[in-house]
Amino acid sequence: MASLCLMNSLPVPPSSSHSPKLTETSLPPSPLVLHSNNNHSVSARALKPIVVSGDPPTFVSAPGRRILAVGDLHGDLKQARSALEMAGVLSSDGQDLWTGGETVLIQVGDILDRGEEEIAILSLLRSLDKQAKAKGGAVFQVNGNHETMNVEGDFRYVDSGAFDECNDFLEYVNDSEDGWEETFTGWVDVFERWKEQRTMSNGYWGPWNLVKFSNYLGQRQKGVIARSILFRPGGPLARELARHAVVLKVNDWVFCHGGLLPHHVAYGIEKMNKEVSEWMRGLRQNDNTPNIPFIATRGYDSVVWNRLYSRDAPDLVDYEDKQVCSVLEETLQAVGAKAMVVGHTPQTIGVNCKYNCSIWRVDVGMSSGVLNSRPEVLEIIDDKVRVIRSKRDRYSEELQAVAYT
């Protein structure tokens, strides 16, 4: 547990009918650790490889790494880039290059909905993951409630521009002669070129008339159909999401979207991850109906929907702070972790911790579709934690930190 808390002052992917047998992967480090970020110099010594266990990844051993956690992005590519640049893992020259060296980046879900650049963000993170692995780092994502909602076909919170992106992306994939990985990672660049061309088109912004309105309705219908194809269980983007966990443990830290509870741990986090992944891949069918993993994706106390740790009194009607703290401590003890990082519930005061800093809340509502707040990123180095709030923070001598023992 924390000994000190100063936070308040501070073409299509391959599909198979079975899970791969290989469940552990080592990501090689670079020969020397020469990277320095956020006023934290790391000694020039070779680090042990990152070891990933589970399919999708569930347990990650990343010795000596700088760990970053970024909250809900909700389809805002500009804000996503701003957060990553601020944290020192994305180049600021517009080339989308990984500059984080051996850093491990974790995005805690809700990339989808409320914004119009969702697939572009997914493409960017996939590209950065590939680049990071070559440098001895890694990028992980966990699925949130908006990812699972879209795989269920619940499009209530989809931005109108996101339907257009789905339609454009499906056409792009169908026309591509490259493999899925190259096609998918290339989408972020293609999307921005197409968007710029569309914006500059005189016809696109010209006066509305009945013909244009009719075309708009037809385009929207095509976008809905395209989204259904892409995100339905077994669809190309559903299978892409299936690569990610709903619960990820990195070293002694647990990352999930809503919050982990004792009965989740008792059920088995690797089992939950596997069941959600199989459902997204279209492998869990019952009488032509997807067998949705309820414990992880449905209900107020499921992993992706739970808000127990993110709401403060007087929001907590049925629980007192002591009860919540007890539940959290029981969960962390059961999973063998020091602390948990969650998103899901926008924090108007920014990234913060509670319950002796055993829980960190990193959703700041940075998307223009939510609060349009300034990006913030959580940084963990050798069990010391701080919040990066601006580019200036990277050069601050006084670290607002929590020390874990």
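A brief look at the structure comes next. Just so it is clear, the model here is predicted, and its values are computed rather than measured.

The rules behind these values
Here the residue index of a chain counts from 1 through its sequence in written order. Where local features are concerned, this predicted model is filtered to residues with pLDDT of at least 70; where side-chain atom pairs are given and counted, the filter is 80 or more; whole-chain, interface and lining totals use all residues. Side-chain measures were taken over the full set of non-hydrogen atoms in the model, leaving aside hydrogen atoms and water. For the purposes of this entry, the term helix denotes a DSSP run of H or I that reaches at least four residues, the term strand denotes a run of E that reaches at least two, and both are numbered from the N terminus. Multiply 1.5 Å by the residue count of a helix minus one, and that product is the helix's expected span. Think of it in three bands: with a 1.4 Å probe and only protein chains considered, a residue is buried below 20% of the maximum accessible area for its type, exposed above 50%, and partly exposed in between. Throughout this description, the term salt bridge denotes a Lys or Arg side-chain nitrogen within 4 Å of a carboxyl oxygen of Asp or Glu. Each polar contact in these results corresponds to two N or O atoms within 3.5 Å; when the atoms are within protein, one needs to be able to donate a hydrogen and the other to accept it, and residues that are neighboring in sequence are counted only if both atoms are side-chain atoms. Here a strand pair is declared whenever DSSP counts at least two bridges between the two strands. A fitted line through C-alpha atoms serves as each axis, taken over the contacting stretch for helices, and the angle formed by two N-to-C directions is quoted from 0 to 180°. Any angle that is under 35 degrees is reported as roughly parallel, and any over 145 degrees as roughly antiparallel; angles of 65 to 115 degrees are reported as roughly perpendicular and all others as oblique. Two residues form a contact once any of their heavy atoms are found within 4.5 Å. Residue type decides the class: Asp, Glu, Lys and Arg count as charged, Ala, Val, Leu, Ile, Met, Phe, Trp, Tyr, Cys and Pro as nonpolar, and the leftover types, Gly among them, as polar. A pair of aromatic rings is counted whenever rings of Phe, Tyr or Trp (Trp by its six-membered ring) have centres within 6.5 Å, and the orientation is called stacked for planes under 30 degrees apart, edge-to-face for over 60 and tilted otherwise. Sitting over a ring, as applied to charges here, requires NZ of Lys or CZ of Arg to be within 6 Å of the ring centre and within 35 degrees of the ring normal. Put plainly, a pocket is an open set of points on a 1 Å grid over the protein atoms alone with protein on both sides within 12 Å along at least five of seven lines, a cavity is a set where a 1.4 Å probe fits but cannot get out, and a lining residue has an atom within 4 Å of a point. Grid points are joined across faces, edges and corners, and a volume is the space filled by probe spheres set on the points. For any helix crossing, the convention is left-handed if the near helix is rotated counterclockwise from the far helix by under a right angle, and right-handed if that rotation is clockwise. Residues belong to one nonpolar core when they are buried, are Ala, Val, Leu, Ile, Met, Phe, Trp, Tyr or Cys, and are joined through side-chain atoms within 4.5 Å.

**Notes on helix α2 (residues 118-134)**
Taking 1.5 Å of rise per residue, the 17 residues of α2 would be expected to cover 24 Å, and the 25 Å separating its terminal C-alpha atoms lies within 8% of that figure. Counted residue by residue, α2 has 13 buried out of 17 residues, so it is predominantly covered. Of the residues flanking the end of α2, it is G136, one or two places downstream, whose phi is positive at about 90°.

**Structural notes on the pattern of salt bridges**
Applying the stated rule across the entire model yields 25 salt bridges. Residues D154 and R156 are paired through a salt bridge, measuring 2.8 Å at the closest nitrogen-oxygen approach. Across the salt bridge formed by E278 and R284, the nearest N and O atoms sit 4.0 Å from each other. The exposure class assigned to R284 is buried, which follows from its relative accessible area of 18%.

**Quick notes on the side chain of H264**
Tracing the sequence through the fold places H264 in helix α10 (residues 262-267). Residue classification places H264 among the buried residues on the basis of a relative accessible area of 0%. From its side chain, H264 meets the backbone oxygen of D301 in a polar contact 2.9 Å long.

**Some thoughts on the pairing of strand β16 (residues 377-381)**
Taken across its 5 residues, β16 has 5 buried, putting it largely inside the fold. The two faces of β16 match: V377, E379 and I381 on one face and L378 and I380 on the other face are all buried. Pairing geometry for strand β6 (residues 66-70) and β16, over 5 bridges, is antiparallel. Each residue of the ladder has a partner; that of I67, found in β16, is I380. Across 5 bridges, β16 lies against strand β17 (residues 384-388) in antiparallel orientation. For V377, the partnering residue across the bridge sits in β17 and is I388.

**Regarding the packing of α2 against helix α4 (residues 160-175)**
The packing of two helices is summarised by the inter-axis angle and the distance between the axes. In contact at an axis separation of 8 Å, α2 and α4 are set at 60° when each is read in the N-to-C sense. With respect to each other, α2 and α4 are oriented oblique. On the side of α2, the interface is formed by E118, I119 and A120, while α4 contributes A162, E165, C166 and F169. Of the residues belonging to the contact of α2 with α4, the class tally is 5 nonpolar, no polar and 2 charged.

**Remarks on helix α1 (residues 77-86)**
With 8 of 10 residues buried, α1 is to be regarded as a mostly interior element. For α1, every residue scored as buried is listed here: L77, Q79, A80, R81, A83, L84, E85 and M86. The backbone nitrogen of K78 lies 3.3 Å from a side-chain oxygen of the residue at the head of α1, namely D76. G88 sits one or two residues past α1 and shows a positive phi near 85°.

**Focus on the packing of aromatic side chains**
Using the criterion set out here, one finds 10 aromatic pairs in the structure. Summarising the aromatic geometry, the rings of F155 and F163 are spaced 6.3 Å apart at their centres and angled 70° between planes, so their arrangement reads as edge-to-face. Looking at F163, the relative accessible area reads 9%, which means it is buried. Counting every residue linked through ring pairs, the aromatic cluster contains F169, Y172, W180, F184, W187, F191 and W194. One Lys or Arg, R227, reaches over the ring of F155 and ends 5.6 Å from the middle of that ring. Here R227 stacks its cationic end above the ring of F163, 5.9 Å away from the centre of that ring.

**What to know about the pairing of β17**
Most of β17 sits out of view: 4 of its 5 residues are buried. Linkage of β16 to β17, two consecutive antiparallel strands, is achieved through a turn of 2 residues, within which D382 is found at a positive phi near 50°.

**Let's talk about empty space enclosed by the protein**
Space inside the largest cavity adds up to approximately 30 Å³. Around the largest cavity, the lining residues are Q107, G109, D110, I111, L122, Q141, V142, N143, E147 and L241. Along the lines of polarity and charge, the residues of the lining of the largest cavity split into 4 nonpolar, 4 polar and 2 charged.

**Some words on the packing of α1 against α2**
The N-to-C vectors of α1 and α2 enclose an angle of 30°; their axes lie 9 Å apart at closest approach. Classified by the angle their axes make, α1 and α2 are roughly parallel. Relative to α2, the crossing made by α1 is right-handed. Across the interface between the two elements, L77, A80, R81 and L84 from α1 touch A120, I121, L124, L125 and L128 from α2.

**Quick look at the nonpolar core**
The biggest cluster of nonpolar side chains holds 105 residues, and the ones touching the most others in it are F169, F255, L260, M340, W360 and L378. Broken down by element, the residue count for this core peaks at 8 residues, all from α2. Filtering out sequence-adjacent residues up to four positions away, L378 remains in contact with I67, L68, A69, V341, V351, W360, V362, V385, R386 and V387.

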